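Here is how the chains run, residue by residue.
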Amino acid sequence: MAHTRAGRPVLLLVTSRRRRFTRHLLERPDIGTVLLCTGATAGTVPDGVPCFVIDEDRPLAGEVTRYKKWAAGLGAVPTHFCNPDETLQPLTHRFAAFAGLPHMTRDQVRLVTDKVAMKELFAAAGLPAARWRAVTSAQEVRAFADRHGWPVVVKPAVSGSSVDVWRFHAHEMTSAARIMAVRPRRRWIVEEHVAGTEHQLCALVHRGEVQDAFVAVNPAPMLETLEGAMNADITLAPSEPKPLEPRKVAQRISDALGYRDGYLHAEFFLRPDGSHVMGEIAARLSGAWLPENHGLSHGFDMLAAVADVYVGRRPKLAYTLDRSVGDLLLPARRGRVLDISPIEDLLSLPGVISGEVTASVGDRLEPARASNACTGYLHIAGRDSKEVRERMENALSEYRLVTTE
């Protein structure tokens, strides 16, 4: 098979929403790719690409035995592993362990998927994090807030894309109780609300050493984007001042995690006094178009570098540009689309270098309350993050979306 011919490393890749990364790997002549998916994602596999489907209703050890027999029939058996999917981390890393592939241990998976464990990780790395406690009721939320102040942030211990993450003030405890009661078996935590600017920190790790780290700023915190604020990530230009020492902080996280090869993604807040507070951490590609922003900002192939670290290669980090680039998620709202800006109009706006409009006239929109809800995106470039933000504001003022019930 073309995707697994001998003489090149072969990667077992978990299918995910990071389809551009999947396409990149499938087009790499120097890396073989085999896909791993569950029944829910099997329909997204391109024709002709070898894919093993895990039957989640069967014991995992038996599924790995079936996989090994199946893989033996390929031109070359996978020897490397990558999972960009958040929800499948526990299952697929156990699968990789049974299959004898590089993987994260159960404890490592816990540290990067469970928000309670993330506090342990930041403490082990000597990094500040928001104060918190596990809660089961609105009364416990109120007790925490009475001690640490309002507002507070309530979130599931395990979740992604800001789903079911809420900011509450004292007068909203009835809403908090109702939301927490909907899923009584879910584990919840409450955190102090950190005032400041939200940032993203992404790093490439090879053999335990951070090769480089990249910082992006969010024009509005993720929680505020759920309420209609601008939803965007803007990678700082290489020459822009950074709010912390990116490689140093990323290395401390990597060391505390015992991470060897892959992509690390963390969130942090910069307080008005200049101090920073860590938010969350993940050992996978960051969401939306953030990895591409880093590449477009610095002038290199970021997806190629990510693929390289997952097959044990030192990434090529030769930068050719010094600019800021961000992705702006185009807003979505409930209703049937009556009118929407064509992508051609948006591509003519200052700084817009690429993009896509994913909704059309006649579509019925039911956007989820999630940080990735949108009707498309734009990549926007500028001299620095300030200019990119100004150009994003202009693009939003020009974007036309008319819906009706």
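In this text the structure is predicted, and so the values were computed from the model without any measurement.

Here is what the cut-offs are and how they apply
- Residues numbered from 1 in each chain as written.
- Predicted model: local features only at pLDDT ≥ 70, side-chain atom pairs only at ≥ 80, totals over all residues.
- Heavy atoms only, no water.
- Helix = DSSP H or I, 4+ residues; strand = E, 2+ residues; numbered from the N terminus.
- Rg over C-alpha atoms; globule rule 2.2 N^0.38 Å.
- Contact = heavy atoms within 4.5 Å.
- Areas by Shrake-Rupley, 256 points an atom, 1.4 Å probe, with all protein chains shown as cover.
- Lys, Arg positive; Asp, Glu negative; His and termini not counted.
- Charge placed at Lys NZ, Arg CZ, Asp CG, Glu CD.
- Pairing = 2+ DSSP bridges.
- Axes fitted to C-alpha atoms, helices over the stretch in contact; angles between N-to-C directions.
- Salt bridge = Lys/Arg side-chain N within 4 Å of Asp/Glu carboxyl O.
- Buried < 20%, exposed > 50% of the residue type's maximum accessible area, 1.4 Å probe, protein only.
- Expected span 1.5 Å × (residues − 1).
- Arc of directions from axis to C-beta.
- Phe/Tyr/Trp six-rings, centres within 6.5 Å; stacked < 30°, edge-to-face > 60°.
- Core = buried A, V, L, I, M, F, W, Y, C linked by side-chain atoms within 4.5 Å.

Novice: What's the story with the overall build of the chain in this structure? I'm lost.
Specialist: Looking only at helices and strands, one finds 13 helices and 19 strands in the chain. In terms of overall dimensions, the chain is globule-like: its C-alpha atoms have a radius of gyration of 22 Å, near the 22 Å expected for 405 residues. If you line up the chain on its principal axes, its C-alpha atoms span 60 × 50 × 45 Å. Sequence separation of at least 24 residues holds for 67% of the intrachain contacts in the chain that already meet a minimum separation of 6. Carbon together with sulfur atoms contributes 51% to the accessible area of the chain, which is approximately 17800 Å² in total. Computed over 50 positive and 48 negative side-chain charges, the inter-centroid distance for the chain is 5 Å.

Novice: It is not clear to me how the environment of Lys 68 should be interpreted in this structure. Could you clarify?
Specialist: Along the chain, Lys 68 turns up in helix α2 (residues 60-71). C-alpha of Lys 68 to C-alpha of Ala 99: the two residues are 31 residues apart in sequence and 7.4 Å apart in space. Beyond its immediate stretch of four places on either side in the chain, Lys 68 contacts Phe 98 and Ala 99.

Novice: Explain the sheet that holds strand β10 (residues 209-217) here, please?
Specialist: Through backbone hydrogen bonds, the strands of a sheet pair up, either in parallel or in antiparallel fashion. Spatial strand order, β13-β12-β9-β10-β11-β14-β18-β16: eight strands in an open sheet with antiparallel pairing. The open sheet has two edge strands with one neighbour each: β13 (276-282) and β16 (352-357). The average angle at which neighbouring strand axes cross in this sheet is 25 degrees, direction not considered. Here helix α9 (residues 246-257) sits on the sheet in contact with β9 (197-206), β10, β12 (262-270) and β13, set at roughly 120 degrees to β10.

Novice: Even after reading the chapter, I still don't get the pattern of salt bridges, so can you show me in this structure?
Specialist: Any two side chains of opposite charge can pair, on the condition that their charged atoms come close. One pass over the structure, following the stated rule, counts 29 salt bridges. In this structure, Glu 366 engages Arg 364 in a salt bridge whose closest nitrogen and oxygen atoms are separated by 3.2 Å. Among the residues examined, Glu 366 registers a relative accessible area of 48% and is labelled partly exposed. Residues joined by salt bridges that share partners form a network here, namely Lys 115, Lys 119, Lys 155, Glu 191 and Glu 280.

Novice: For this particular structure, what's the right way to read helix α13 (residues 385-398)?
Specialist: An α-helical segment advances 3.6 residues per turn. Residues three or four places apart therefore align on the same side. Compared with an ideal rise of 1.5 Å per residue, which puts 14 residues at 20 Å, α13 spans 20 Å between its outermost C-alpha atoms and is within 8% of the ideal. Looking only at α13, the buried set comprises Ser 385, Glu 387, Val 388, Met 392 and Ala 395. One side of α13 carries all its buried residues, which in axial view fall inside an arc of 155 degrees. Of the exposed residues in α13, those oriented more than 90 degrees away from the buried face are Lys 386 and Ser 397.

Novice: Sorry if this is basic, but what is going on with the packing of aromatic side chains here?
Specialist: Any two aromatic rings considered together are summarised by their centre-to-centre distance and by the angle between their planes. With the rule as written, the count across this model stands at ten aromatic pairs. Considering the side-chain rings of Tyr 67 and Phe 95, the 5.3 Å spacing of their centres and the 70 degrees angle between planes classify their relative orientation as edge-to-face. Pair noted here: Tyr 67 is in helix α2 and Phe 95 is in helix α3 (residues 89-98), with a separation of 28 residues, a long-range link. Residue Phe 95 is classed as buried on the basis of its relative accessible area, which comes to 0%. Seen from their ring centres, Trp 289 and Tyr 377 are 4.0 Å apart, and the 20 degrees between their planes marks the pair as stacked.

Novice: What exactly am I supposed to notice about the side chain of Lys 119 here?
Specialist: With respect to the element layout, Lys 119 can be found in helix α5 (residues 115-124). A relative accessible area of 9% places Lys 119 in the buried class. Among all residues touching Lys 119, those that are not within four sequence positions of it are Ala 129, Ala 130, Trp 132, Glu 191 and Gly 279.

Novice: When you look at the nonpolar core in this model, what are you seeing that I'm missing?
Specialist: Side chains that are nonpolar tend, in soluble globular proteins, to be buried together. Counting residues in each nonpolar core, the largest one holds 78 residues, and the members touching the most others are Phe 21, Ile 253, Leu 264, Tyr 310 and Leu 378. Here the element with the most residues in this core is helix α11 (residues 302-310); it accounts for seven residues. If near-sequence neighbours (up to four positions away) are discounted, Ile 253 is found in contact with Leu 121, Phe 122, Ala 125, Leu 127, Leu 264, Ala 266, Met 278 and Ile 281. With 20 residues, the next largest nonpolar core counts Val 10, Ile 54, Leu 60 and Ala 99 among its residues.

Novice: What should I look at first to understand the sheet that holds strand β17 (residues 364-365) in this one?
Specialist: Within the open sheet, the three strands sit side by side as β17-β15-β19. Their pairing is antiparallel. Looking along the sheet, the strands with just one partner apiece sit at the ends: β17 and β19 (401-404). By the bridge criterion, two bridges tie strand β15 (residues 335-340) to β17 in an arrangement that is antiparallel. Considered in β17, the bridge of Gly 335 is made with Leu 365.

Novice: What exactly am I supposed to notice about the pairing of strand β8 (residues 188-192) here?
Specialist: Burial runs high along β8: five of the five residues are buried. Residues Trp 188, Val 190 and Glu 192 point to one face of β8 and Ile 189 and Glu 191 to the other, with burial holding for every one of them. Relative to β8, strand β6 (residues 152-156) runs antiparallel, the two being bridged by five bridges. Note that in β8 the partner of Val 152 across the bridge is Glu 192.

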